[in-house]
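This is what each chain is made of:
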Amino acid sequence: MKITENHSLKNNNTFGIDVQCSTFACIDSVEELEDFSENILKNEKFYILGGGSNTLFTKNFGGIIIHPEITGIEIVEESSESVVVCAAAGEEWDNLINFCIKNELYGLENLTAIPGLVGSAPVQNIGAYGVEVKDCILKVSGFDFSKKQLSEFSNAECGFSYRNSVFKANTKRDFLITHVFFRLSRKKRFNLSYNALAKTISDRYSEPTLKAISDTVREIRDSKLPDYRILGNCGSFFKNPVVSDGFCAKLLEKHPDLVVFDADGGNKKLSAGHLIEKCGWKGRRVGNAGVYPKQALVLVNYGNASPDEILNLAGMIVSDVRNEFGVELEMEINRV
Ligand code: EPU
């Protein structure tokens, strides 16, 4: 355990927002959690922060930021068909992807190059190119600060949905994920349901390998999404809005070029990036905050943007999309 007082969070959030927290606590083992909970956390206000790639700090945080630094990735069960991999919360997500490629384990390759830590992946059910992490999660284990004990959530108990889970909803904010267990396939099988990925792969490979898929996903992401080390951002700032089939049909009468995907329950998912672009926001800059020129779903910090500058920009976008399309954009990022 490592505790720092009055810690600057500038390097702990990918937006690069310069705020402070009263206490920053790095947790490096499961064993110290009980002691930490009894003697340091007590009844203090706290927030669990992974890589800070989905969090917008809006002001100084007067409480304890808990940051997992527990590491380790190992195969804990195997058969000829599949394996169970246990990955610790403090591992970089991309380390897990590299582990899968080295050991030829299929399932997570479409999620290559997503920034952040393993422990954050289930919280917002990260997803890209037709795969959501829930598809491969067997169970999640961690420490429940309200009950002061270790516990486990099966996949069903995690309550996963599009960019959501019980850990993101207020119900389980007091649960520190320490390990995530994934069931991965030993058999070659790819998810090429996403057109842009399928096309690039078929143009290039007749027999794609696991590494080829992973490299291609990395390349597509690099071409569209800014590197937060160069331009602060949190990836997609908004969720893609889900609307009813009927509403979507009416919208398409007026705007026949809208990008629409099928969603659960017969609903439709609209591309927030496309709606924002149609409102003329793509590439626009207001002060130090802006809309990324290559992907309108991403808001960027052009340097020293204040949280208010980013939130004001987001507010203007939400209002324009509402006025133009009658659709309410919801933020994907957590505001703290
Ligand atoms: N589009 C536009 N203009 C834009 C952006 C997108 O017209 O400025 C259109 C594209 O042409 C395409 C469609 O919208 O037809 C979808 O675009 P894209 O493939 O870039 O995906 P997205 O819906 O914008 C989602 C995820 C991303 C993930 C990609 C790929 C959400 C909120 N975002 O973005 O996740 O990488 O799909 O699967 O679901 C993240 O969460 O941080 C993230 C990057």
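For the structure itself, consult the block above.
Note that the structure is a prediction, hence the values are computed from the model and not measured. (Residues numbered from 1 in each chain as written. Predicted model: local features only at pLDDT ≥ 70, side-chain atom pairs only at ≥ 80, totals over all residues. Heavy atoms only, no water.)

Asker: Mind showing me how you'd approach the sheet that holds strand E16 (residues 268-270) here?
Answerer: Spatial strand order, E14-E16-E15: three strands in an open sheet with antiparallel pairing. Strand pairing shows two members of the sheet lacking a second neighbour, strand E14 (242-243) and strand E15 (260-262), which therefore form its edges. Where E15 lies against E16, three bridges are found, and the strand directions are antiparallel. When the bridges of E16 are listed, Phe 261 appears paired with Lys 269. Taken strand by strand, helix H5 (residues 245-254) contacts E14, E15 and E16, and its axis lies near 45 degrees from that of E16. (Pairing = 2+ DSSP bridges. Helix = DSSP H or I, 4+ residues; strand = E, 2+ residues; numbered from the N terminus. Contact = heavy atoms within 4.5 Å. Axes fitted to C-alpha atoms, helices over the stretch in contact; angles between N-to-C directions.)

Asker: Would you mind going over the packing of helix H2 (residues 93-102) against helix H4 (residues 210-224) with me for this structure?
Answerer: Angle between the axes and distance between the axes: these two values describe a pair of packed helices. Two elements in contact, H2 and H4, have axes whose closest approach is 10 Å; the angle formed by their N-to-C orientations is 155 degrees. In terms of orientation, H2 lies roughly antiparallel with respect to H4. Judged by the twist between their axes, the crossing of H2 over H4 is left-handed. For the pair H2 and H4, the contacting residues are Asp 94, Ile 97, Asn 98, Cys 100 and Ile 101 in the first and Leu 210, Lys 211, Ser 214 and Arg 218 in the second. A breakdown of the residues in the contact of H2 with H4 according to their chemical character gives four nonpolar, two polar and three charged. (Parallel < 35°, antiparallel > 145°, perpendicular 65-115°, else oblique. Left-handed = near helix turned anticlockwise from the far one by under 90°. Nonpolar A, V, L, I, M, F, W, Y, C, P; charged D, E, K, R; others polar.)

Asker: Would you mind showing me how to read the site of the ligand here?
Answerer: Around the ligand, the structure places 23 residues, and the nearest of them are Tyr 129, Tyr 162, Tyr 194, Ser 271 and Glu 277. In this structure, an oxygen atom belonging to the ligand sits 3.3 Å away from a side-chain N or O atom of Lys 282. For the shell around the ligand, the secondary structure elements donating two or more residues are strand E8 (127-128), H4, strand E13 (232-236) and helix H6 (272-278). It is H6 that contributes the most residues to the shell around the ligand, three residues altogether. Partitioning the shell around the ligand into residue classes produces nine nonpolar, eight polar and six charged. (Near = heavy atom within 4 Å. Polar contact = N/O pair within 3.5 Å; in protein donor to acceptor, adjacent residues only side chain to side chain.)

Asker: Where do I start with a nonpolar patch on the surface in this structure?
Answerer: On the surface, a cluster of nonpolar side chains totalling about 200 Å² of accessible area is made up of Met 1, Ile 3 and Ile 40. Structurally, the position occupied by Ile 3 is in strand E1 (residues 2-8). (Patch = residues over 30% accessible without salt bridge, like charges linked within 9 Å, V, L, I, M, F, W, Y side chains within 5 Å. Areas by Shrake-Rupley, 256 points an atom, 1.4 Å probe, with all protein chains shown as cover. Salt bridge = Lys/Arg side-chain N within 4 Å of Asp/Glu carboxyl O.)

Asker: For this particular structure, what's the right way to read the sheet that holds strand E18 (residues 289-291)?
Answerer: Pairing between sheet strands relies on hydrogen bonds along the backbone, with the strands arranged either parallel or antiparallel. Sheet architecture is open: four strands sit in the order E13-E19-E18-E17, paired in antiparallel fashion. In this open sheet, the two strands that pair with only one neighbour each are E13 and strand E17 (285-286). Relative to strand E19 (residues 298-301), E18 runs antiparallel, the two sharing three bridges. The partner of Gly 290 across the bridge, within E19, is Val 300. Against the sheet, helix H7 (residues 307-325) makes contact with E17, E18 and E19, and its axis sits at roughly 35 degrees relative to E18, the strand it touches most.

Asker: I'm lost on the packing of helix H3 (residues 195-204) against H4 in this one. Help?
Answerer: Look at H3 against H4: their axes get within 10 Å of each other, and the N-to-C directions meet at 125 degrees. With respect to their mutual orientation, H3 and H4 come out oblique. Between H3 and H4 the crossing geometry is right-handed. Contacts between H3 and H4 pair Ala 196, Leu 197, Thr 200, Ile 201 and Arg 204 from the former with Ala 212, Ile 213, Thr 216, Val 217, Glu 219 and Ile 220 from the latter. Residue classes in the contact of H3 with H4 are distributed as seven nonpolar, two polar and two charged.

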